[in-house]
Amino acid sequence: MIESLLREWSGETVIVRHDRPTGAWILIAIHSTRLGPAGGGTRIKSYPNLQAALQDVFRLAEGMTYKFAGPGMPYGGGKAVIALPGDFDPQARPALLRRYGALVHQLGGLFFTGPDVGTSSADMDIIAETGAPYVFGRTQAGSGAGSSGPATALGVFTGIQVACEHLFGEPSLRGRRVLVQGTGSVGGSLIEYLRAAGAQVLFSEVDKGAIHRFRDELGLQFVSPEAVYTMECDILAPCALGGVLNANTIPRLKCRAVVGGANNQLADAKDAERLQARNILYAPDYVVNVGGAMFLLGVETQGWTQERVEQEVVESVRRALREVFELAATEGIPTDAAARQIAGQRLSATE
Ligand code: PHE
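Here the structure is a predicted model, which means the values were calculated and not measured.

Criteria and cut-off values
- Residues numbered from 1 in each chain as written.
- Predicted model: local features only at pLDDT ≥ 70, side-chain atom pairs only at ≥ 80, totals over all residues.
- Heavy atoms only, no water.
- 1 Å grid on protein atoms, 1.4 Å probe; cavity = no way out; pocket = protein on both sides within 12 Å on 5 of 7 lines; lining within 4 Å.
- Points joined across faces, edges and corners; volume = space filled by probe spheres on them.
- Helix = DSSP H or I, 4+ residues; strand = E, 2+ residues; numbered from the N terminus.
- Nonpolar A, V, L, I, M, F, W, Y, C, P; charged D, E, K, R; others polar.
- Near = heavy atom within 4 Å.
- Polar contact = N/O pair within 3.5 Å; in protein donor to acceptor, adjacent residues only side chain to side chain.
- Areas by Shrake-Rupley, 256 points an atom, 1.4 Å probe, with all protein chains shown as cover.
- Sits in = over half its atoms within 2 Å of the grid points.
- Salt bridge = Lys/Arg side-chain N within 4 Å of Asp/Glu carboxyl O.
- Buried < 20%, exposed > 50% of the residue type's maximum accessible area, 1.4 Å probe, protein only.
- Pairing = 2+ DSSP bridges.
- Contact = heavy atoms within 4.5 Å.
- Phe/Tyr/Trp six-rings, centres within 6.5 Å; stacked < 30°, edge-to-face > 60°.

A. Structural context of the layout of surface pockets. Looking at the largest pocket, its volume works out to about 990 Å³. Around the largest pocket, the lining comprises 46 residues; the ones closest to its centre are Pro115, Asp116, Val117, Ser185 and Val186. Sorting the residues of the lining of the largest pocket by element identifies strand E3 (38-46), helix H2 (50-69), strand E5 (111-115), helix H5 (149-168), helix H6 (185-196) and helix H10 (291-302) as the ones contributing at least two each. Counted as a void, the second largest pocket has a volume near 300 Å³. Taken together, 17 residues form the lining of the second largest pocket, with Gln276, Asn279, Ile280, Leu281 and Thr335 sitting closest to its centre. Along the lines of polarity and charge, the residues of the lining of the second largest pocket split into 11 nonpolar, five polar and one charged.

B. Examining the site of the ligand more closely. Lining the immediate environment of the ligand, one finds Gly40, Gly41, Met64, Lys67, Lys79, Thr113, Gly114, Pro115, Asp116, Asn263, Ala293 and Leu296. One nitrogen or oxygen atom from the side chain of Asp116 is found 2.8 Å from a nitrogen atom belonging to the ligand. Asn263 places a side-chain nitrogen or oxygen 3.4 Å from an oxygen atom of the ligand. Its free accessible area being 320 Å², the ligand has 94% of it covered by the protein chains. Comparing atom positions with the cavity grids shows the ligand to sit within the largest pocket. Among the elements of the structure, E3, H2, E5 and H10 are those that each provide at least two residues to the shell around the ligand. If one sorts the elements of the shell around the ligand by residue count, E5 sits on top with three residues. Taken together, the residues of the shell around the ligand break down into four nonpolar, five polar and three charged.

C. Looking closely at the pattern of salt bridges. One pass over the structure, following the stated rule, counts 14 salt bridges. For Asp336, the salt bridge identified is with Arg340, shortest N-O distance 3.0 Å. Of this pair, Asp336 and Arg340 are both found in helix H12 (residues 335-349), four residues apart, which corresponds to roughly one turn of the helix. The exposure class of Arg340 is partly exposed, given its relative accessible area of 32%. It is possible to trace a salt-bridge network through shared partners that takes in Arg43, Asp56, Lys79 and Asp116.

D. Seen up close, the sheet that holds strand E6 (residues 177-181). Pairing in this open sheet of six strands is parallel, and the strands run E8-E7-E6-E9-E10-E11 from one edge to the other. Only two strands of the sheet have a single partner each, and these edge strands are strand E8 (221-222) and strand E11 (281-282).

E. Representation of the side chain of His31 in the model. Assignment of secondary structure puts His31 in strand E2 (residues 24-32). Exposure remark for His31: the relative accessible area of 8% places this residue in the buried category. Not counting residues within four places of it along the chain, the set of residues in contact with His31 comprises Trp9, Ser10, Gly11, Glu12, Ala61, Glu62, Thr65, Gly77 and Gly78.

F. Examining the environment of Gly303 more closely. With respect to the secondary-structure elements, Gly303 resides in the loop between H10 and helix H11 (306-331). Separated by 158 residues in the primary sequence, Gly303 and Ala145 have C-alpha atoms spaced 9.9 Å apart.

G. Highlighting the packing of aromatic side chains. Under the definition given, this model contains eight aromatic pairs. Between Tyr66 and Tyr286, the aromatic rings sit 5.4 Å apart at their centres with planes inclined by 40°, giving tilted as the arrangement. A residue pair is termed long-range when its members are at least 10 positions apart, and Tyr66 in helix H2 and Tyr286 in helix H9 (residues 285-288) qualify at 220 residues. Note on accessibility: Tyr66 and Tyr286 belong to one class, buried.

Coordinates in, geometry out; function isn't part of it.
Shown next, in the form of structure tokens:
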């Protein structure tokens, strides 16, 4: 099974390290270096088995290739997964992060990284102790750019405006019902943008503290995790984990569009067609969640100000998503296929 996964993956290289002291698996997938060094976040979580972790890192790395190629950024797609054993001792984490940083450093620039699901700017500070200069998104106190969540959220917010423009003829969010799944660093910031724009915000979350904050303190409507896929809304914004759009959920959706920050929202390629058949407008995740990457790289390699980042994110997501929706409409293909086609042109133009 692992053999066929490796054989069928469209990427270039995968580095597999069994971290003996903890039993964790460190996986670094280099999907493409055609446009430049491969970059992508470091995801840390537990998986049912090594195969599931490999599958995740492969698809995430591929998504990064499209994410960079779409807006013409000079980077390739990569991703790292650290798959923790079920009995992982949190005390062992800093040392594990330092060993991982040393591995990234050894690769000598083939791969660079930053935060992702399960990692924070504080983790990047530790990884950078051994992994610099290939580690982005350290804390500001650690001379990094800080959290990429707000910039990612701004791009998703822009994507929601473009979807409304496409569906309703105007980008205004006033009174639109938007259901945000996950209120972490991206979802939480997205909610702020949505409220400021006059949208009616609903949210779903599993963390008790966050439920309290958004429901009891901000007065937002809470939707239980089971009800997310049947809740009537204009826009569903998945901002938690991947695979939420699948054969089981798509037939039940009662939204007009899906626009969110999570990577790999489609469980598999067929799901893009399922959404199209149900006439649900899908904004490909890697098109609208590019803001985090733009923020980290813009601030840390180009010296961009906060203002410049915001301008670049808004303009680039707006331009890219409009292009994707137009191409999909004229060719009658799923939006995901249109986005891949556009990114594919950028990739083959440099061959
Ligand atoms: N993990 C985020 C993403 O997938 C941010 C990130 C981008 C981290 C690029 C490292 C490199 O976009």
